[in-house]
Protein chains: 2
Amino acid sequence: MPQARPGLKDVAKRAGVGISSVSRVLSGHPDVSAGMRDRVMAAVTEIGYRPDIFARGLRGGPTMSVGLVIGDISNPLLSEISLGAEDALRRAGYSLLFVNSMNDPALEAQNILLFRDRHVDGLLLSLSAEDDADVLTALQTIEAPLVLIDRELDDPGEILRPSAVLCDHRGGMRAAISHLLDLGHRRIGCILGGHARFARMRRRGVEEAYAERGLPTGYSIVQGPLDAAHGQAATSRLLDMREQPTALVAGGNQLLKGCLRELRLRGLAVGTDLSLVSCDETDLTEMLDPPIAVVRRDTHQLGRTAAELLLRRIQDPDEGPVTSVQPTVFVPRPSCGPVREAAAT
Amino acid sequence: MPQARPGLKDVAKRAGVGISSVSRVLSGHPDVSAGMRDRVMAAVTEIGYRPDIFARGLRGGPTMSVGLVIGDISNPLLSEISLGAEDALRRAGYSLLFVNSMNDPALEAQNILLFRDRHVDGLLLSLSAEDDADVLTALQTIEAPLVLIDRELDDPGEILRPSAVLCDHRGGMRAAISHLLDLGHRRIGCILGGHARFARMRRRGVEEAYAERGLPTGYSIVQGPLDAAHGQAATSRLLDMREQPTALVAGGNQLLKGCLRELRLRGLAVGTDLSLVSCDETDLTEMLDPPIAVVRRDTHQLGRTAAELLLRRIQDPDEGPVTSVQPTVFVPRPSCGPVREAAAT
DNA sequence: ATGAAAGCGCTAACAT
DNA sequence: ATGTTAGCGCTTTCAT
């Protein structure tokens, strides 16, 4: 007695009909009589039939899965995005396959090919680099629709046609800098990191805020990798400048961590000795004393929107690529105070 | 001209050999001549052949994928575990499929079945509940080997035979409590959460530390869900006791967050008004002022070990289930100080 | 409206 | 040691 998983054949036998009729019923083909549908569905539930994904995939059918290529899931920002995406996908009957790329473009390219081999129906991309040749090459081989999450490809080309969900980092940063300028700060140190869109946009936001008021370029921007080490090094460099900044802005949660380490080392008190703004809410920004002002965005929604954009294109291949922009909000907090001359060293 | 993906057939034609010879070379069959191997491999690279996972899966072969069932990836603890597991799996040529369960046992059961349908070669389980009937039922239908991550099933049964990686929460907690007792604390409030092994073990650790010194039961334990809301509520309850505790222990990072909220609300200073210990290192425990003493464990290693245990059983089906126990370390920090009489309210 | 039959790309049993 | 062939479970012509 074969205790094996029941197949289409078993359902057909059970219902006393042909195999292809069962297939038609299950795939919602229009040309099926009501009686046929009932008998088949009855048999299906009776013997507990479940379609075999692999047999379907072999025929080139949909796999009901979507791949997420992401730099580092242990970054709370990215994990929340993935949560939002998964939520939307599950509702639509899709599952999210997830692979971590350790922020390594080579691995990222490899993972893209891996998803291709697994016949994912679409790809969600939060790439760690926007201009890596291997990644671009790998993406060229993907036929399924693509959605970029807060990223912009250097040259999207005519082949890729990715949709995208972007965040208004520029506006958020402009608001943050304006707030600091309102408090009297003129020398602001900005710690940015990464080679992606968000760093460029934040830089522009800083520039705009000064330009808006016709103020001379009183800011300094230190760009580097998107990690805590750079956050600390950049902070140190900024605080060693002859014209020491009276306020710092950290462009991300990892950078913030490094920045805070350096401030602690130097015994500087946030909010009084020095004002501080960070980007993206985390436990730290919320729980530290004083709480840290942040440029905030809805990460869960970001992931959900990305998934929705993707689903739309999966379900209707004629849909063209779409770009959606999500707002950011500046949340002032006691980490920002009025200027005080000569912070203690 | 078919621009389609090349198949075994194309390789065979190109190399001027039979299809099965190609299959044999690729699957490392012993009965192949050196010449055959060379010609086939040459053809493979020439036309860029890549095996089709679905055709393999259809034949019941390995899919080179492992599923991870996890409650909440946005918990840094779990994301680090998944990072460690993925690392080990990738080295072995496996990829990690990951599905989030929102801490909902029903979803968890559903996800287990989903992985089964995807023919994963093994399952890594960090279940949110250890005794859910649906989850147990779902697990019964899995033929692939199972590894529990810091969990213990109520009744493992003879069918499941799961391997497991456990953590010595009991020892870590005993060390933490001993440290507090050394500092003179006698009334210690413990905030525990969740229905899994770690909560039981931590409770035992507390009991043992008091018993070891022949001290009367001076602790109070407040058990509840594993989230920030319970952390805050439990803290409030403990601080409202007639015999107010002079030290608190939070059994996890979410609980800690709630606890800190309540302490801030009451204006209590950690380390002076009240001593505080938490479980598991996070940004918060490290960056707060003063830093928070923690019972620490190597989460990356935890994930890696789980993956290794799983791989061993995947690669040799005769291997029986194994349980490995990982150490925990208590890290004393300035959040713990000597007892002070009557904390300010 | 329904059933029979041909593959999808691969592996394994069988032949040589 | 190598080639031939029969399926794995499904979708999709193609008949009827």
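Let me sum up the structure you'll find in this document.

Conventions and cut-offs
Residues numbered from 1 in each chain as written. Chains lettered and ligands numbered in written order. Predicted model: local features only at pLDDT ≥ 70, side-chain atom pairs only at ≥ 80, totals over all residues. Heavy atoms only, no water. Helix = DSSP H or I, 4+ residues; strand = E, 2+ residues; numbered from the N terminus. Rg over C-alpha atoms; globule rule 2.2 N^0.38 Å. Contact = heavy atoms within 4.5 Å. Areas by Shrake-Rupley, 256 points an atom, 1.4 Å probe, with all protein chains shown as cover. Lys, Arg positive; Asp, Glu negative; His and termini not counted. Charge placed at Lys NZ, Arg CZ, Asp CG, Glu CD. Expected span 1.5 Å × (residues − 1). Buried < 20%, exposed > 50% of the residue type's maximum accessible area, 1.4 Å probe, protein only. Near = heavy atom within 4 Å. Polar contact = N/O pair within 3.5 Å; in protein donor to acceptor, adjacent residues only side chain to side chain. Pairing = 2+ DSSP bridges. Axes fitted to C-alpha atoms, helices over the stretch in contact; angles between N-to-C directions. Core = buried A, V, L, I, M, F, W, Y, C linked by side-chain atoms within 4.5 Å. Least-squares fit on C-alpha atoms with pLDDT ≥ 70 in both. Buried area = accessible area lost by both parts, 1.4 Å probe. Salt bridge = Lys/Arg side-chain N within 4 Å of Asp/Glu carboxyl O.

**Quick notes on the overall build of chain A**
Then step 1. On a plain count of helices and strands, chain A comes out with 14 helices and 12 strands.
Then step 2. The C-alpha atoms of chain A give 26 Å as radius of gyration, which overshoots the globular expectation for 345 residues (20 Å, by more than 25%).
Then step 3. With the C-alpha coordinates of chain A rotated into their principal frame, the extents come out at 90 × 40 × 30 Å.
Then step 4. Long-range pairs, those at least 24 residues apart, make up 72% of the contacts in chain A between residues at least 6 apart in sequence.
Then step 5. Just so you have it, chain A exposes about 14,900 Å², and 51% of that area is on carbon and sulfur atoms.
Then step 6. Chain A carries 39 positive and 44 negative side-chain charges, and their two centres are separated by 4 Å.

**Observations regarding helix 12 (residues 253-265) of chain A**
All names here are of chain A.
Then step 1. Spanning 13 residues, helix 12 covers 19 Å between terminal C-alpha atoms, matching the ideal 18 Å at 1.5 Å per step.
Then step 2. Along helix 12, the residues that are buried comprise Asn253, Leu255, Leu256, Lys257, Gly258, Cys259, Leu260, Glu262 and Leu263.
Then step 3. Where helix 12 terminates, the next one or two residues include Gly267, which has phi positive at roughly 70 degrees.

**Brief notes about the protein's contact with DNA strand C**
Then step 1. Taken together, the neighbourhood of DNA strand C is formed by 23 residues, with A:Ser21, A:Arg59, B:Leu8, B:Tyr49 and B:Arg59 sitting nearest.
Then step 2. Restricting the count to atoms of DNA strand C within 4 Å of the protein gives a sugar and phosphate share of 58%.
Then step 3. A distance of 2.4 Å separates a phosphate oxygen of DNA strand C from a polar backbone atom of B:Leu8.
Then step 4. With respect to DNA strand C, the side chain of B:Arg59 contributes an N or O atom lying 2.5 Å from a base oxygen.

**A word on the sheet that holds strand 3 (residues 122-126) of chain B**
All names here are of chain B.
Then step 1. As summarised here, the arrangement of the 6 strands in space is 2-1-3-4-5-11, forming an open sheet in which the pairing is parallel. Among the strands making up the open sheet, the edge pair consists of strand 2 (95-100) and strand 11 (323-326). Across the sheet, the mean angle separating the axes of adjacent strands is 20 degrees when strand polarity is ignored.
Then step 2. Pairing of strand 1 (residues 65-70) with strand 3, which is carried by 5 bridges, proceeds in the parallel orientation. Bridge pairing in strand 3 links Leu68 to Leu124.

**Remarks on the nonpolar core**
Then step 1. Membership of the largest hydrophobic core comes to 50 residues, with the highest contact counts inside it found for A:Val66, A:Leu89, A:Leu124, B:Val66, B:Leu89 and B:Leu124.
Then step 2. Residues within four places of B:Val66 in sequence aside, it is in contact with B:Leu89, B:Tyr94, B:Ser95, B:Leu96, B:Leu97, B:Val120, B:Gly122, B:Leu124, B:Leu310 and B:Ile314.
Then step 3. Membership of the second largest hydrophobic core comes to 44 residues, among which are A:Leu97, B:Leu139, B:Leu146 and B:Leu148.

**Some remarks on the relation of the copies chain B and chain A**
Then step 1. Each copy superposes on the other: chain B lies on chain A with an RMSD of 0.1 Å after a rotation of 180 degrees and an axial shift of 0.1 Å. Both copies are brought into coincidence by an operation consistent with a two-fold rotation axis.
Then step 2. Here 98% of the contact residues of chain B are again contact residues in chain A; the copies associate through an equivalent surface.

**Comments concerning the interface of chain B and chain A**
Then step 1. Listed by partner, the interface residues are 44 residues for chain B and 43 residues for chain A.
Then step 2. Across the interface of chain B and chain A, roughly 4,300 Å² is buried in total on both sides, 58% from carbon and sulfur atoms.
Then step 3. A per-residue breakdown of the area chain B buries against chain A is headed by B:Phe54, B:Arg118 and B:Met287, which together make up 19% of the total.
Then step 4. Our enumeration of links across chain B and chain A arrives at 8 salt bridges.
Then step 5. In this structure, B:Asp117 and A:Arg50 form a salt bridge, with 2.7 Å as the shortest nitrogen-oxygen distance.

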